Amino acid sequence: MVTTATLPAALAASSTVQVARPVSADELTRLFDQLIRPSSLLEMAVVLGCLALSWLLVRLWRGQQADPRSIWFGHHIVDGVLFPVLSLALALLARRLLIDHLPMAVFRVAIPVLVSLAGIRLSVKALKVFFPTSSTVVAFERTVSWLAWIGTILWVTGILPLLLDELSEITWKIGATTLSLRNVVEGTVSAVLVLMLSLSLSSAIEARLLKGATDNLSLRKIAANAIRAMLLGLGLMLALSAAGVDLTALSVLGGAVGVGLGFGLQKLAANYVSGFVILAERSLRIGDLVKVDNFEGRITDINTRYTVLRAANGREAIVPNELLITQRVENASLADNSLMLTTVVQVAYGTDLHSLIPKMVGLVSEVPRVDQRQSPAVHLTAFAADGLELTVNFWVADPENGQQNVRSAVNLAILKLLNDSGIDIPFAQRVVQIKS
């Protein structure tokens, strides 16, 4: 693992020397001798100081309350991801500052240990959060721990670099891309680490977005899922790049997936485009009374994908915006909010309509909510089997306040007028013939 004559010089330049061969038995003996010297006690004190400072910083950052589901802090601080990561950063900083004053023997062992510990904590904690009841998490934890500690031992002894060089010699060609076994191993490890990091970050972001949320919960959930998908996609691209896969080779596959998504989501895209058209041309506005597909209601909300209609009975319809563009829509308040309502009543044959109709017009005009700007009208519309059919037309300026209530008030006023005038509302008449 060293290329210089003496071990102290090799330890001092360990950050810049390219590893070419494993450590020999003599060099391991020298490393052991460096570890038992008094100078190693100072290195040990510095490493312990880095650990203590890291614990203190994480403790201050976490606060008094410990969240057992936290990936970064853990339940006892040391079982979280942030403690080994921060300890590793402080140890690297201390080695950079003391590299010219100490042989760096303890740091040579401590830094790989902290790297392995951070990898183990990250993978295990992330899987426990996302699969809390899975029995395979324990087996995976043990596997990752064994692999991490074996890798640490191989790295300290210098065997790992030699092993990686040998793996680089095993290659095969896939199309125009040449892959080596080392690329596959490094890509797999990178993919696992990136997956764990993406899941950890997305979990932290999701918890932050959903914490104490009382409104717009669905939008916050959508944002969390979008961030998770973006992080996983970015991590996958980085892992493929680390494995030596040419990302341009995926352009054909990406194009095919894009075409498939285009055909599958064309209705969704049409609804979004229709929503922007409706909002831009203002042919439909919030508060308009419309009738679409035999459903009549008032527009309460216009979104980019759908429009919400609320009927007078409280029922709501979610209408796709494409339907409002491609089909006929009856808008009762596009140019004017006034709405004409009708009611029908029958009076007996022989009734003096010339005197009754003006009375009905005047009485209907006095009903509250009937628009005084447009006079009501009463027409003789049919000679029914049982009586004369009169149709009363009247206008209301605020249909959003209801239609049945004002129609009921008009009917009650007409009934009172007919009763006071002694005019009968005829019943159905039937002729019964009895054969002898």
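Computed from a predicted structure; not experimentally measured.

Asks: What should I look at first to understand the environment of Leu 199 in this one?
Replies: Within the element layout of this structure, Leu 199 appears in helix α8 (residues 181–210). Accessibility expressed as a relative area gives 11% for Leu 199, which makes it buried. With 32 residues separating them along the chain, Leu 199 and Leu 231 place their C-alpha atoms 8.2 Å apart.

Asks: What is the right way to look at the pattern of salt bridges in this model?
Replies: Note that side chains of opposite charge can pair when their charged atoms are close. Enumeration according to the criterion identifies seven salt bridges in this entry. A salt bridge links Glu 316 to Arg 310; its shortest N-O distance comes to 3.3 Å. Residue Arg 310 is classed as partly exposed on the basis of its relative accessible area of 40%. Note that Glu 330 and Arg 328 form a salt bridge whose closest N and O atoms lie 3.2 Å from each other. The exposed category is assigned to Arg 328, whose relative accessible area is 68%.

Asks: Help me understand the pairing of strand β5 (residues 306–310), please; the structure alone is not making it clear to me.
Replies: Two faces belong to every sheet, and in a regular strand the side chains alternate between them. Bridge count for strand β4 (residues 295–302) against β5 is four bridges, and the pairing is antiparallel. Each residue of the ladder has a partner; that of Ile 299, found in β5, is Leu 309. In this antiparallel pair of consecutive strands, β4 and β5, the connection spans three residues. Where β5 meets strand β6 (residues 316–320), five bridges bridge the pair, whose relative direction is antiparallel. Its bridge partner lying in β6, Tyr 306 is registered against Pro 320.

Asks: Any chance you could explain the nonpolar core here in plain terms?
Replies: A general feature of soluble globular proteins is that nonpolar side chains tend to end up buried together. Within the largest apolar cluster, 25 residues are counted, with the highest numbers of intra-cluster contacts made by Val 347, Leu 356, Met 360, Leu 390, Phe 394 and Ile 414. Counting residues per element, the ones that place at least two in this core are β8 (339–347), α13 (353–365), β10 (388–396) and α14 (404–421). Apart from residues no more than four positions distant in its own chain, Leu 356 is found in contact with Val 347, Thr 351, Leu 390, Leu 417, Leu 418 and Ile 423. In terms of nonpolar packing, the next biggest core, distinct from the first, is built from 15 residues, Val 46, Met 104, Val 106 and Leu 114 among them.

Asks: Help me understand the sheet that holds β6 in this model?
Replies: Where strands meet in a sheet, backbone hydrogen bonds hold them as pairs that are either parallel or antiparallel. Spatially, β6-β5-β4-β3-β7 is the arrangement adopted by the five strands of the open sheet, whose pairing is antiparallel. Both edges of this open sheet fall to β6 and β7 (330–331), since each of them pairs with a single strand only. Where strand β3 (residues 289–292) lies against β4, four bridges are found, and the strand directions are antiparallel. Opposite Val 290, over in β4, you have Gly 297 as the bridge partner.

Asks: When you look at α14 in this model, what are you seeing that I'm missing?
Replies: Along its 18 residues, α14 runs 26 Å from first to last C-alpha, staying within 8% of the 26 Å computed at 1.5 Å per residue. Val 406, Arg 407, Val 410, Ala 413, Ile 414, Leu 417 and Leu 418 are the residues of α14 that are buried. Projected onto a plane normal to the axis of α14, the buried residues spread over an arc of 135° and lie on a single side. Away from its buried face by more than 90 degrees, α14 exposes Gln 404, Leu 412, Lys 416, Asn 419 and Asp 420. If you follow the buried residues of α14, they end up packed against β8, α13 and β10. Just past α14, the residue Gly 422 takes up positive phi, approximately 70°.

Asks: Looking at this model, I keep getting lost on unusual backbone geometry. Mind explaining?
Replies: Negative phi values dominate among residues other than glycine, just as trans dominates among peptide bonds. Of note in the backbone geometry, Asp 293 takes a positive phi value of approximately 55° without being a glycine. Its identity is not glycine, yet Asn 294 carries a phi of approximately 65°, on the positive side. Taking the relative accessible area as the measure of exposure, Asn 294 reaches 73% and is therefore exposed.

Asks: How should a nonpolar patch on the surface be read in this particular structure?
Replies: A cluster of nonpolar side chains, namely Leu 53, Trp 55, Leu 56, Leu 57 and Leu 60, defines an oily patch on the protein surface of about 480 Å² accessible area. Structurally, Trp 55 can be placed in helix α3 (residues 38–62). Assessed through its relative accessible area of 39%, Trp 55 is described here as partly exposed.

Asks: Can you help me understand the side chain of Ser 54 in this one?
Replies: Mapped onto the elements, Ser 54 comes out in helix α3. Beyond its immediate chain neighbours, meaning those up to four positions away, Ser 54 contacts Phe 83, Leu 86, Ser 87 and Leu 90.

Asks: Would you explain the sheet that holds β10 in this entry?
Replies: Read across the sheet, three strands follow the order β8-β10-β9 without closing on themselves; strand pairing throughout is antiparallel. At either end of the open sheet lies a strand with only one pairing partner, and these are β8 and β9 (377–383). Within this sheet the neighbouring strands show an average axis-to-axis angle of 25°, counted without direction. Note that β8 and β10 share nine bridges and pair antiparallel. The partner of Thr 342 across the bridge, within β10, is Asn 393. On the sheet, α13 packs against β8, β9 and β10 and is oriented at approximately 25° with respect to β10. Along the sheet, α14 contacts β8 and β10; its crossing angle with β8, the most-contacted strand, is approximately 30°.

The rules we used
- Residues numbered from 1 in each chain as written.
- Predicted model: local features only at pLDDT ≥ 70, side-chain atom pairs only at ≥ 80, totals over all residues.
- Heavy atoms only, no water.
- Helix = DSSP H or I, 4+ residues; strand = E, 2+ residues; numbered from the N terminus.
- Buried < 20%, exposed > 50% of the residue type's maximum accessible area, 1.4 Å probe, protein only.
- Salt bridge = Lys/Arg side-chain N within 4 Å of Asp/Glu carboxyl O.
- Pairing = 2+ DSSP bridges.
- Core = buried A, V, L, I, M, F, W, Y, C linked by side-chain atoms within 4.5 Å.
- Contact = heavy atoms within 4.5 Å.
- Expected span 1.5 Å × (residues − 1).
- Arc of directions from axis to C-beta.
- Patch = residues over 30% accessible without salt bridge, like charges linked within 9 Å, V, L, I, M, F, W, Y side chains within 5 Å.
- Areas by Shrake-Rupley, 256 points an atom, 1.4 Å probe, with all protein chains shown as cover.
- Axes fitted to C-alpha atoms, helices over the stretch in contact; angles between N-to-C directions.

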